[in-house]
Every structure is written in structure tokens, then in C-alpha cells.
Amino acid sequence: MSLQVYIDGEYYPKEEAKVSVFDHGLLYGDGIFEGIRAYNGRVFRLDEHLERLYLSAKSILINIGLSLEEMREAVLETLRRNNLKDAYIRLVVTRGKGDLGLDPRKCPKSAVIIIADEIKLYPKETYENGLKLIIASTRKNSPDALSPRIKSLNYLNNILGKLEAINAGCAEAVMLDRHGYLTECTSENIFLVRNGMLYTPTATVGILEGITRSVVMELCEKMGLPVQMSFLTAHDLYVADECFVTGTGAELIPVVDLCGRPIGSGSPGPITKKLLEAFRNLTQSEGTEIYKVASHN
Ligand code: PXG
């Protein structure tokens, strides 16, 4: 059977899952999204992703039209309809159908789309050998123009960074803010390790506050590893002992080279490896059950 896609309360086979050309998500990037992952029959940190979605909606005055509980159930039902246990879930909410002008008042109803599909994993070698990064010349969107804390459908800034990475033969690029402070990669947050201490850019510089980033910070606390959220520069990366990036798709990937400079020893570091193992144990052992069996008592 064809993949079933949720659009506004109905399920459509992949081939027929379509939105209007008058949807403001398409015309203006006027909408928000989430990328969520399910492991072994459980959705990892579903409530945190939904909370971020609803905060993004609130920030740009989109009324999602579903309660958080209804949205939660819609995500789980989409997974069930597609018989998925390990999956990537893309939740998209747009301002909805309007006319050719910007006026959001012409969009009476937001559109909700849920796509759940099999996950395409990064190859094993990426985790074993690590990634090469560049520093993009494209600066990160200024948080006082369009806050990167909103996971909006405007990803052009990130895509320009990604193009620079690809053109340089790298998988990812780290982006600086307009003052030169490190922010994040085009779809991952970044951490560095120096003298046993972890550092990650503060949300104040304008980053997406990644769910994986906060899970890593929780793990660090449990493991007794101190983490500091601060203003960091390229120099901090040049002299780091270890570096890694975090994201729903990426999980936790070691970074071994920045613009041709080896980071630390030039191979994945011990703290990065320990955290990746702890992260994987966690994703296998917690989450919202998709196929909950009714209890008999
Ligand atoms: N920063 C940005 C700009 C992102 O888009 C992250 C950080 C990491 O956040 P989470 O909550 O996933 O830890 C993202 C993640 C994917 C994918 O396939 C991820 C994102 C966007 C598109 C695809 O992993 N955003």
C-alpha cells in the first residue's frame, strides 16, 4: 500500500497528497514545521517537539486548530496507518489557503500535514570517521529580523549555508551570526569540548533550541560533565579537543575537521563517543508508545 499522508484530518495516498498553490506556506514560507523520530515503536521526545511547534505557532500567530492532545494522536495514528516502528515524522503547519496578497487575514484556516516515512540513516562510517565542516560565509539570519528559534518554513538562510558546504565538498557548514559568534549548522546544533568541559552557543545568538541539544545537556548532567552555553567564536573551534553536531536526523555526529584544520586529534573524541552511546541507549529505552496494548486491569 502507498504511504498514507495526513492532511487536515484526512489520509491520502502519497501520490494524491497535495496542497493548494494558494497556500501561504508555498507562496510566502508562512508556516512552521517539526522533524521528529520514532525508534523501535516509540516516538522520541514527542511532547517536546509538539511544545516547540505550538510555541513557534504562537510566535507567528498561527492558530493550529487542533489541541495538543489531538495533534499528538494524529501523529501516532499516521504512524499506525503506515505500520511504522522506526520512522521520520515531518509535521508541517502552514497559514493555509489565501489569496495572492500577504494578508494573513485572507487565510481563514491553517493547514496541518503529517508525513511519516521510513528514516534514511547517515552511513555508519559518518559516525566512525566524523564530519568535515566549513564556516559558511552566509551569516545566520538576525534574531531580531526572523528569530531562528521559530522553526519556520523559511529555511533559505540555512539552504544557502548548505550550498556553500556542498560546494566545498563538505557535509555541513557552521554559520556565524553578524558579530562573528558561532550559531549552529544548517540543520544541527553544535557542541565543542575543551579540557573536559562542554560548550554550546547560547540561544541568545539566535539558534533553534534543538531537542537533541537539550537531551545531550541532560545526559551531560547525568554523566557529571559540565556544559556551558556561551558566546563562542571560530577560535574556540580551532582549539577544541572535540566537536560534534546534534539533530533529530543526525543524532550526534563527531566533527573532525574545520576548513582543513583537524579538530583535536583529527578523529572522533572519547567524550563524543560516550555521549553518542548514551544517546542511543536513551532513544531505545524511552518515548511515546505508538502501538500501546490496552491493559487488562
Ligand atoms: N538547528 C536547525 C537549524 C535545525 O533545523 C536543529 C538545529 C536540531 O534540532 P533537533 O530538535 O532536531 O535536535 C535543526 C533540526 C533532519 C532535519 O532531517 C532536521 C531539521 C530540519 C530538517 C531536517 O534531521 N532541523
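These remarks concern the structure in this document. Values in this document were obtained by computation on a predicted structure and should not be read as measured data.

### Some points on the nonpolar core
Nonpolar side chains tend toward joint burial in soluble globular proteins.
Now for step 1: Residues Val174, Ile190, Leu198, Leu237, Phe244 and Leu275 are the most contacted members of the largest nonpolar core, which totals 40 residues.
Now for step 2: Top contributing element to this core by residue count: helix 8 (residues 270–285), with six residues.
Now for step 3: Sequence-distant contacts of Phe244, that is, excluding residues within four places in its chain, are made with Asn189, Ile190, Phe191, Val193, Leu198, Val216, Leu252, Ile253, Pro254, Val255, Thr272 and Leu275.

### Section: the packing of aromatic side chains
Now for step 1: Within the structure shown, the criterion is met by six aromatic pairs.
Now for step 2: With centroids separated by 5.1 Å and ring planes inclined at 75°, the aromatic side chains of Phe33 and Tyr155 adopt a geometry described as edge-to-face. A residue pair is termed long-range when its members are at least 10 positions apart, and Phe33 in strand 3 (residues 31–39) and Tyr155 in the loop between strand 7 (131–135) and helix 5 (156–167) qualify at 122 residues.
Now for step 3: The class of Tyr155 is partly exposed, set by a relative accessible area of 21%.
Now for step 4: Among the aromatic residues, those joined into a ring-pair cluster are Tyr39, Phe44 and Phe279.
Now for step 5: The ring of Tyr238 has Arg261 sitting right over it, with the charged end atom 3.6 Å from the ring centre.

### Quick word on the pattern of salt bridges
Now for step 1: Summed over all chains, the structure comprises 18 salt bridges.
Now for step 2: Among the salt bridges present, the one from Glu184 reaches Lys140, with a minimum N-O distance of 2.7 Å. Linking Glu184 in strand 9 (residues 182–185) with Lys140 in the loop between strand 7 and helix 5, this pair joins segments that are 44 residues apart in sequence.
Now for step 3: For Glu209, the salt bridge is made with Arg149, and the minimal N-O distance between the two is 2.8 Å. Taken as a pair, Glu209 in the loop between strand 11 (197–201) and helix 6 (211–222) and Arg149 in the loop between strand 7 and helix 5 lie far apart in primary sequence, 60 residues in all.
Now for step 4: On the accessibility criterion, Glu209 (33% relative accessible area) is partly exposed.
Now for step 5: Here the salt bridges do not stand alone but share partners, grouping Arg45, Glu48, Glu218 and Glu286 into one network.

### Description of the sheet that holds strand 16 (residues 288–289)
Now for step 1: One open sheet holds the seven strands; their spatial order is 2-1-6-5-3-4-16, and the pairing between them is antiparallel. Each having just a single partner strand, strand 2 (10–13) and strand 16 make up the two edges of the open sheet.
Now for step 2: Where strand 3 and strand 4 (residues 42–43) come together, two bridges link them in antiparallel fashion. When the bridges of strand 4 are listed, Ala38 appears paired with Val43.
Now for step 3: On the sheet, helix 3 (residues 68–81) packs against strand 1 (4–7), strand 2, strand 4, strand 5 (87–94), strand 6 (111–117) and strand 16 and is oriented at approximately 40° with respect to strand 6.

### Focus on the packing of helix 2 (residues 46–59) against helix 3
When two helices pack together, their arrangement is given by the angle between their axes and by how far apart the axes lie.
Now for step 1: Where helix 2 meets helix 3, the closest approach of the two axes is 11 Å, and the angle between their N-to-C directions is 125°. Taken together, helix 2 and helix 3 sit at an angle that is classed as oblique. With respect to the hand of their crossing, helix 2 and helix 3 are arranged in right-handed fashion. Between helix 2 and helix 3, the residues in contact are Leu46, Asp47, Leu50, Leu53 and Tyr54 and Leu68, Met71, Arg72, Val75 and Leu76, respectively.
Now for step 2: Looking at the contact of helix 2 with helix 3 residue by residue, the class counts come to eight nonpolar, no polar and two charged.

The rules behind each value
Residues numbered from 1 in each chain as written. Predicted model: local features only at pLDDT ≥ 70, side-chain atom pairs only at ≥ 80, totals over all residues. Heavy atoms only, no water. Core = buried A, V, L, I, M, F, W, Y, C linked by side-chain atoms within 4.5 Å. Buried < 20%, exposed > 50% of the residue type's maximum accessible area, 1.4 Å probe, protein only. Helix = DSSP H or I, 4+ residues; strand = E, 2+ residues; numbered from the N terminus. Contact = heavy atoms within 4.5 Å. Phe/Tyr/Trp six-rings, centres within 6.5 Å; stacked < 30°, edge-to-face > 60°. Lys NZ or Arg CZ within 6 Å of the ring centre and 35° of its normal. Salt bridge = Lys/Arg side-chain N within 4 Å of Asp/Glu carboxyl O. Pairing = 2+ DSSP bridges. Axes fitted to C-alpha atoms, helices over the stretch in contact; angles between N-to-C directions. Parallel < 35°, antiparallel > 145°, perpendicular 65-115°, else oblique. Left-handed = near helix turned anticlockwise from the far one by under 90°. Nonpolar A, V, L, I, M, F, W, Y, C, P; charged D, E, K, R; others polar.

Any link to function would need more than the numbers given here.
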